[in-house]
Every structure is written in C-alpha cells, then in structure tokens.
Amino acid sequence: MIEQLKQAKNWEERYRLIIQAGKNLPRPADDELTNMQPISGCEAQLWFQIIPQNDRTFQFKAFSEARIMNGLLWLLLEKINGKNTEELSQFDLSAFFTELGIAQRLSETRLNGLNQIAQQLKQQCI
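Now for a quick tour of the structure. (Residues numbered from 1 in each chain as written. Predicted model: local features only at pLDDT ≥ 70, side-chain atom pairs only at ≥ 80, totals over all residues. Heavy atoms only, no water.)

1. Describing the sheet that holds strand S1 (residues 37–38)
For clarity, the cut-off: Strands qualify as paired when DSSP identifies two bridges or more between them. In DSSP terms, a helix is any run of H or I states spanning at least four residues, a strand is any run of E spanning at least two, and both are numbered starting from the N terminus. Contacts were defined at the residue level, with two residues in contact if any of their heavy atoms lie within 4.5 Å. The axes used here are C-alpha line fits, helices contributing only the stretch in contact, and every angle between their N-to-C directions lies in the interval 0 to 180 degrees.
The strand order S1-S2-S3 describes an open sheet built from three strands, whose pairing is antiparallel. Only two strands of the sheet have a single neighbouring strand rather than two, namely S1 and strand S3 (58–64). Across seven bridges, strand S2 (residues 46–52) lies against S3 in antiparallel orientation. The residue bridging Ile 50 from the neighbouring strand is Phe 60, located in S3. Those strands touched by helix H4 (residues 67–80) are S2 and S3, and its axis lies near 175 degrees from that of S3. Each of S1, S2 and S3 touches helix H7 (residues 108–125); the most contacted strand, S2, lies at about 20 degrees to it.

This is the structure we're talking about:
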C-alpha cells in the first residue's frame, strides 16, 4: 500500500488508497477504547495506545471516527509497529507523510492530531 501511494498519479488516487487502507484498521471494542489515550487537536476523535513489548520493541493501536484518519493511522502503524527505541528516534512523521505525497494535502487539524501522536512517541518511547 505504501508503494502504491508513492506511485499514485494524483491526489484523488492517493485519497482513495488512504480510505481503503483505513478499512484495515478495525474499530476497537468500547473497553479497548477506554484503555487508549484520546488525542486532542484533531477535528475527529482520535485514540492512540503504546504497548511496550518484552523484546524492547513497541506495538501501537490507534483509531479515529474519520475514515481518512484511520487510513493515515493504518499507514503510520504499518511503519512504526515492531520498532525499538532507536528506530523510533530516527522516525520523522512529517518526512514520512511528505514522502508519500500526502502531507501537503492534509488539513492543519489532521496534521495536528498526527503531530500529537509523534509527540507521544518521543515522550514515551524514546
């Protein structure tokens, strides 16, 4: 999916791919949502959870009520799940979405929600 996004010819094609990617992110059960941290700053409700693993890597869960955000979150999780502290410290969220040809088309509030997640990664994982 990431390679498809990089090769997409226009924003409409990228948008469609992002929406499709969001379908891979299942809605958590209500009790799972309560264990996830709400992220402020995004126009849609957004939740994120950091789950440290025994092998010093991290798994992440995320969910939004907005389809486009779920697609963006799925892409992000595909990139960061299973990474260790050093790998996460080298990850640049803005550069990742710019590389996919997405960043310049995202609204300020969507970017703000994603940047809040990047802040949590820095504070809790690095």
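2. Describing the nonpolar core
Put simply, the rule reads: In plain words, nonpolar cores are sets of buried Ala, Val, Leu, Ile, Met, Phe, Trp, Tyr and Cys residues tied together by side-chain atoms within 4.5 Å. Accessible area is worked out with a 1.4 Å probe on protein chains only. A residue is then buried under 20% of its type maximum, exposed over 50%, and partly exposed in between.
Ranked by internal contacts, the top residues of the largest apolar core, which has 41 residues, are Phe 48, Phe 60, Leu 72, Phe 97 and Ile 102. Only helix H2 (11–22), S2, S3, H4, helix H6 (93–99) and H7 provide two or more residues apiece to this core. Sorting elements by how many residues they give to this core places H4 first, with nine residues. In contact with Phe 60, not counting residues within four places along its chain, are Phe 48, Gln 49, Ile 50, Leu 77, Ile 80, Asn 81, Leu 88, Leu 121 and Cys 125.

3. What to know about the pairing of S2
Along any regular strand, the residues point their side chains to alternate faces of the sheet. Burial runs high along S2: five of the seven residues are buried. As paired strands, S1 and S2 are joined by two bridges and run antiparallel to one another. Paired with Pro 38 across the strands is Trp 47, a residue of S2. Count of turn residues in the S2/S3 antiparallel hairpin: five residues, of which Arg 56 carries a positive phi of about 70 degrees.

So yeah, pure geometry; function would need other evidence.
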